[in-house]
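The primary structure of each chain is shown beneath.
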Amino acid sequence: MHTHTPDLSVFPFDARGVAKRFRHAAIFGALESLNHGERMRFINDHDPLPLLSQIEQRYGGQVLINYIERSPQQVVIDFTIHVADSEPAPAPAQQQGGCGGGGGCGCSGG
């Protein structure tokens, strides 16, 4: 059996255990708490296409999306934070209240 050392910069987020009405807010909060280079491994029971669209609108290129598994039973996506020093915070996040400026998302929370 193959065992490996877990990557400590990968944080699991199993959306299946979060009430549906709170999922998007919880996911945004988790993303906004990550720093540059950190990754959240998102697990869900369906392909969250509306969520992915919201992430793209809210964060632009600051959150990289990579499917790990895409099956009818389970979807696993890695969200990796990529904040370049020269990139300003995306306007949609500021208009929606952002993260309050405390996270690694680069948002000023305006």
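Notes on the structure follow. Only a predicted model underlies this, so the values are computations on that prediction, with no experimental measurement involved. (Residues numbered from 1 in each chain as written. Predicted model: local features only at pLDDT ≥ 70, side-chain atom pairs only at ≥ 80, totals over all residues. Heavy atoms only, no water.)

### Some details on the pattern of salt bridges
As a working rule, side chains carrying opposite charge can pair if their charged atoms are close by.
Phase 1: Tallied over the entire structure, the rule returns five salt bridges.
Phase 2: Note that D78 and R39 form a salt bridge whose closest N and O atoms lie 3.2 Å from each other. Taken together, the residues D78 in strand β4 (residues 75-81) and R39 in strand β2 (residues 39-44) connect sequence positions 39 residues apart.
Phase 3: Relative accessible area serves as the criterion here: at 4%, D78 is assigned to the buried category.
Phase 4: Residue class for R39 comes out partly exposed when judged on its relative accessible area of 22%.
Phase 5: The salt bridge partner of D78 is R41, with a shortest N-O separation of 2.6 Å. Of this pair, D78 sits in strand β4 while R41 sits in strand β2, placing them 37 residues apart in sequence.
Phase 6: Given a relative accessible area of 29%, R41 falls into the partly exposed group.
Phase 7: Via salt bridges that share partners, R39, R41 and D78 belong to a single interconnected network. (Salt bridge = Lys/Arg side-chain N within 4 Å of Asp/Glu carboxyl O. Helix = DSSP H or I, 4+ residues; strand = E, 2+ residues; numbered from the N terminus. Buried < 20%, exposed > 50% of the residue type's maximum accessible area, 1.4 Å probe, protein only.)

### Focus: the sheet that holds β4
Phase 1: If you walk across this open sheet you meet the four strands as β1-β2-β4-β3, and the pairing is mixed. The sheet terminates laterally at β1 (10-14) and β3 (63-70), the two strands that pair on one side only. On average, each strand axis in the sheet is tilted by 20° relative to the strand beside it, whichever way the strands run.
Phase 2: Bridging between β3 and β4 involves seven bridges; their strand directions are antiparallel. (Pairing = 2+ DSSP bridges. Axes fitted to C-alpha atoms, helices over the stretch in contact; angles between N-to-C directions.)

### Focus: the environment of N66
Phase 1: You can see N66 is positioned in strand β3.
Phase 2: Spatially, the C-alpha atom of N66 lies 5.5 Å from that of I77, the residues being eleven residues apart in sequence.
Phase 3: Other than its neighbours up to four places away in sequence, N66 contacts V76, I77 and D78. (Contact = heavy atoms within 4.5 Å.)

### Things to note about the environment of A26
Phase 1: Within the secondary structure, A26 is located in helix α1 (residues 23-32).
Phase 2: C-alpha separation for the pair A26 and A15, spaced eleven residues apart in sequence, amounts to 8.8 Å.
Phase 3: With near-sequence residues (within four places) excluded, A26 lies in contact with F13 and V18.

### As for the pairing of β2
Consecutive residues of a regular strand have side chains that alternate between opposite faces of the sheet.
Phase 1: For β1 and β2, the ladder comprises five bridges, and the chain directions are parallel. Along β2, the bridge assignment pairs D14 with I43.
Phase 2: Regarding topology, α1 serves as the crossover connection from β1 to the parallel β2, and that connection is right-handed. (Right-handed = clockwise from strand over helix to strand, strands pointing away.)

### Quick notes on the packing of aromatic side chains
Phase 1: One pass over the full model with this rule turns up three aromatic pairs.
Phase 2: Members of the aromatic cluster, joined through ring pairs, are F13, F42 and F79.
Phase 3: Here the basic side chain of R58 rests over the ring of F28, its NZ or CZ set 4.3 Å away from the ring centre.
Phase 4: Its guanidinium or amino end placed over the ring of Y67, R70 lies 3.9 Å from that ring's centre, counting from NZ or CZ. (Phe/Tyr/Trp six-rings, centres within 6.5 Å; stacked < 30°, edge-to-face > 60°. Lys NZ or Arg CZ within 6 Å of the ring centre and 35° of its normal.)

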